[in-house]
Amino acid sequence: MIGQTMAPKLTDFRRVVIKVGSSLLVDSATGKLRTGWLAALAEDVSALASEECSVLVVSSGAIALGRYTLGLPGRTLKLEEAQAAAAVGQVALSGAWSQSLEKVGLTTAQILLTLSDTEERRRYLNARATLATLLDHAAIPVINENDTVATSEIRYGDNDRLAARVAAMIGADCLVLLSDVDGLYTTPPASNPEAEFVPHVSEITPVIEAMAGAEGSGLSRGGMRTKIEAAKIATAAGAAMAIVNGHELHPIRALNEGVSRATWFDARATPASARKAWIASHLEICGKLVVDDGAARALKNGKSLLAAGVAAVTGGFSRGDAVVIVDSAGREQGRGLVGYDSADAQAIAGRRSGEIEGILGYPGRAALIHRDDMVLRD
């Protein structure tokens, strides 16, 4: 559905993922980094972070930088050439982000993800925990696909969809795609001068999908079609999404102030409710935890499930699997993603957090199931 509505301000959101396209970071004629543009964007990120908003960046550009360094411009790269270019370019890209953000007082963290890191629950939980810890320490994660090892069968294929997966993983409530276009049009404007700009999409229908073209820019693997796919992922996970032209300096500030034209997509839920629905309804149950009365009361009060409150563990499960939580009478209390394999969960059941390292031989986590990974029955 298409509509006209007042665009939100980025400072109204609590956690924002910003995706930066290759064509914004890298000059297509020279293969050089646009350092002035990146410095301005770093200032925008700093300003947004100062408003108590957590910011994550998904940055393209590694292959675009590396191909010029290796003397491979102007042609389609073979897989091994693209991976070699990514290996060279990622060093330069990471360094550029680190230097730019350091100048505005921010700490940078580099995260390279593969498809398995968001699709396999164990790796998903590890990546999510790492990102959450970085945000807790006010670091800015700069994320890219690990193009040096990913193949066509095990890759996201573009950073629009990667950014949407990251937004879903970390519970972001806003995703911004900085691109070389200013939003969605009724038809691709490059081929139809009569195309009309679409400022607001409340629901992604087949009509909206039909508006998207398929081709990206010279340095980008993505096009409007991938942005619509990203919007499906992000909005279903509770994040609003904006597509905006990022070529001018300070694109985030311009979007926040309503200066830039952008297409906004409405979130279909809140991040928390979307995640709870996924845990409650879409995962196979692999085991059962029986909790004592004290733990059952603590769960009702919004607490995580600690090992000390678990009376029994049944089933064979791995860390990240979904398990059901029942009270001493066998009544279901809820479901959640368990933080330990079944053997380790059985070993620490009923024991205090301070005893876990001595039992397992490693520190482990305090919670058997964290409250963010749990949904309770009414």
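Refer to the preceding data block for the structure.
Anyway, here's the lowdown on the structure attached to this text.

## Remarks on the pairing of strand β4 (residues 139-145)
Taken across its seven residues, β4 has seven buried, putting it largely inside the fold. Residues Ala139, Pro141, Ile143 and Glu145 of β4 are buried on one face, and the alternating residues Ile140, Val142 and Asn144, pointing to the opposite face, are buried as well. As defined by bridge partners, strand β3 (residues 107-113) adjoins β4 across seven bridges and the pair is classed as parallel. Note on β4: the bridge partner recorded for Thr107 is Ala139.

## Comments concerning the sheet that holds β3
Pairing within the open sheet is mixed, and its eight strands lie in the order β3-β4-β2-β1-β5-β9-β10-β8. One side of each edge strand has no neighbouring strand; the edge strands of this open sheet are β3 and β8 (200-201). Pairing geometry for β8 and strand β10 (residues 262-265), over two bridges, is parallel. Within the sheet, the bridge partner assigned to His200 lies in β10 and is Trp264. Where helix α4 (residues 79-102) meets the sheet, its contacts fall on β1 (15-20), β2 (54-59), β3 and β4, and the angle it forms with β3 comes to roughly 155 degrees.

## Regarding the environment of Leu38
Position of Leu38 relative to the elements: it lies in helix α2 (residues 35-49). On the basis of relative accessibility, which here comes to 1%, the residue Leu38 falls in the buried class. When the C-alpha positions of Leu38 and Leu249 are compared, they lie 8.4 Å apart, and in sequence the two are 211 residues distant.

## Regarding the packing of α2 against α4
Closest axis-to-axis distance for the α2/α4 pair is 9 Å, and the angle between their directions is 55 degrees. Between α2 and α4, the angle is such that the two are oblique. As for how α2 packs across α4, the hand of that crossing is right-handed. Across the interface between the two elements, Leu38, Ala39, Leu41, Ala42 and Val45 of α2 pack against Ala96, Trp97, Ser100 and Leu101 of α4.

## Quick notes on unusual backbone geometry
In this structure, Glu52 takes a positive phi of about 60 degrees despite not being glycine. Here Glu52 shows up in the loop between α2 and β2. At Ala138, a position not held by glycine, the phi torsion is positive, near 60 degrees. Checked against the element boundaries, Ala138 lands in the loop between α6 (121-136) and β4.

Quick notes on the rules
Throughout this description, residue numbers start from 1 for each chain and increase along the sequence as written. Where totals are concerned, whole chains, interfaces and linings use all residues; where local detail is concerned, this predicted model gives features only for residues with pLDDT of at least 70, and gives and counts side-chain atom pairs only at 80 or more. Neither water nor hydrogens contribute to the side-chain values; these are computed over all heavy atoms in the structure. Burial classification: accessible surface area is computed with a 1.4 Å probe over protein chains only, and a residue below 20% of its type maximum counts as buried, one above 50% as exposed, and the rest as partly exposed. Only DSSP runs of H or I with at least four residues qualify as helices, and only runs of E with at least two residues qualify as strands; both kinds are numbered from the N terminus onward. Here a strand pair is declared whenever DSSP counts at least two bridges between the two strands. The contact criterion used is simple: two residues touch if any of their non-hydrogen atoms lie within 4.5 Å. Here an angle of 0 to 180 degrees is reported between the N-to-C directions of two axes, which are lines fitted to C-alpha atoms, with helices fitted over the stretch in contact. Orientation is classified from the angle alone, with under 35 degrees giving roughly parallel, over 145 giving roughly antiparallel, 65 to 115 giving roughly perpendicular, and any other angle giving oblique. A clockwise turn of the near helix away from the far one marks a right-handed crossing, whereas an anticlockwise turn of less than a right angle marks a left-handed crossing.

By themselves these figures say nothing about function.
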